[in-house]
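What follows is the residue order along each chain.
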Amino acid sequence: MNTRMLAMPWAPNRQLYCAPGRLLLKMALGEAPEQIPTARDVRAGARDPVARVDGGAVDRVLSHFTGKVTVARVHGAAASRTLAGARDRGYDDLEQATGLARTFRLHLDRGARVGDLVDALRQLGTVDGASPLYLTVQTMAATAAPPPAPPAARAGWASRERINLPRALEMEPGDTAMIVAVVDTGVCSTHPELRRRLRPGFDTVQIGARDLSQGISLVGDLTLEDRDPEDEVGHGTACATIIGGAGARMAPGAGGACVVLPMRVLGSARMPGKEAPVGIGSLSDIDDGMKRAVDLGAAVINMSFGTPVAALDPHDTVPHLDVVKYALARGCVLVAASGNSGRCEPIVPAALDGVIAVGAMGEDGHPTHFSTSGDHVALAAPGERVVSAGLGEAYQAVTGTSFAAPFVTGAAALLVSHARRRSASASAATVRRVLRESARPWPAGTPPGHGAGTLDVAAALRRLGTEIDDGSPPGEDAAVPSEPSRRTEP
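Residues numbered from 1 in each chain as written. Predicted model: local features only at pLDDT ≥ 70, side-chain atom pairs only at ≥ 80, totals over all residues. Heavy atoms only, no water.

1. A short note on the pattern of salt bridges
Counted by the stated rule, this structure contains 26 salt bridges. Between R113 and D116 there is a salt bridge, with the nearest N and O atoms lying 3.0 Å from each other. One salt bridge in this structure joins D295 and K291, with 2.7 Å as the shortest N-O distance. In this pair, D295 and K291 both sit in helix 8 (residues 283-295), four residues apart, roughly one turn of the helix. Taken individually, D295 and K291 each receive the classification buried, so the pair is uniform in this respect. One salt-bridge network, held together by shared partners, links K26, R102, D128 and D322. (Salt bridge = Lys/Arg side-chain N within 4 Å of Asp/Glu carboxyl O. Helix = DSSP H or I, 4+ residues; strand = E, 2+ residues; numbered from the N terminus. Buried < 20%, exposed > 50% of the residue type's maximum accessible area, 1.4 Å probe, protein only.)

Next comes the structure, spelled out in structure tokens:
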């Protein structure tokens, strides 16, 4: 999980890669124009694109920097998500307040000076935020891991036993009505570990060759939105099986009977000089997939991706902040990988308030050398050589905080299932607190910044069950996310 710097003369002052001739614009509350279609409706041919924003100051600034403009909304209204050609109608108060109803994606001339244009738009009183269209690159460390044949299928049990998962699944098998979204590179839907374990998902990837620097080779389906979120990297498939794997030839998923909703928000590409594909996509495609997951009823969302705050321009809108606010307000539990930089630094969305940030524990029971740390990290889970499904019918051993987070996501799904089974509820804040309070403490001498300890799923279930039985769960409200500090700790 990381971002990669590439040459971009159209925005030379930016540290993160941003697509040429692309930007995101968020209008102030009450200033968003109507009759601008969603990008989804435009791509489907249900609506024609429009060539202006407000007919006023914004368009005058745009005309100074570019001769070509097409505008579309990033997000559709939850109430109209099934209405082709009318998905921009019926935004509710929450969609307006969080800014999702007011966020637009603009396509300009490829040579437009995006950096200067963004700076100019930020000076307008009707504009709440503007930023280049940033892309993220997601890599993975994996090796082949052939599992033993049934009935001796014990592959992957070591990591599950370290978090007391077998006992936890005896206590709470999970709810088949519980939807856990994996916002990632998609899934390999034909893998034996995922058959009959998936809900119909979406593919929101819409990047093309013109969005990237020369030398990057795009692979597979990239620009056409569809309901086929097939994985071409293996990253999302690994996360999905750690959460919801059937246990056919490896240890079952941490979420038990809960089902996985795959959202493909990252496409596949090969970088110069590299053979293994990486996940690549825009931050707006990620946010689009997250909002759709919420609107489709996801109770828990796994986010194994991230952007270092230190790599952003100081005036940039914090990535994912609006959609995280939206998801928390809708009652979702959000889990994110802390990052693989090995430094003490905020990486979003993990560092946003209300998100459960997960670091990686090594096979020796200590934090791994690569796990990003910080005061925002809640706890850790196994993140070294974790057995999971790969592409086709393969298996793989994966390493990174990307694969620690799904263990906590599965645990969160079990906690919410356990509460519902007792006619109670567990808010995102309650789940985070229970997971932290029940975690096994780190060994003495562990440096700070790696959270309360390591995941113990059975202990978390016992603690939550006791609180429900006592009739005194705290009932915290979901936290309202704030912008994380942009200072990188030494």
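2. Digging into the nonpolar core
Looking at soluble globular proteins, one finds that nonpolar side chains tend to be buried together. Residues I301, I356, L435 and L455 are the most contacted members of the largest nonpolar core, which totals 113 residues. Look past the residues within four positions of I356 in its chain and what remains in contact with it is V333, L334, V335, A336, A378, L379, V408, V431, R432 and L435. (Core = buried A, V, L, I, M, F, W, Y, C linked by side-chain atoms within 4.5 Å. Contact = heavy atoms within 4.5 Å.)

3. Description of helix 10 (residues 401-421)
Over its 21 residues, helix 10 extends 30 Å from the first C-alpha to the last, a length consistent with the 30 Å expected when each residue adds 1.5 Å. Most of helix 10 sits inside the fold, with 19 of its 21 residues counted as buried. Downstream of helix 10 by a residue or two, S423 has a phi angle that is positive, lying close to 55 degrees. (Expected span 1.5 Å × (residues − 1).)

4. Details of the side chain of E193
Here E193 lies in the loop between strand 6 (179-184) and strand 7 (202-203). Of the side chains with opposite charge, R249 comes closest to the buried, unpaired E193, at an N-O distance of 6.5 Å. Of note is the side chain of E193, whose polar atom sits 2.7 Å from the side chain of Y395. Setting aside chain neighbours within four positions, we find E193 in contact with T241, G244, G245, A246, G247, A248, R249, M250, A389 and Y395. (Lys, Arg positive; Asp, Glu negative; His and termini not counted. Polar contact = N/O pair within 3.5 Å; in protein donor to acceptor, adjacent residues only side chain to side chain.)

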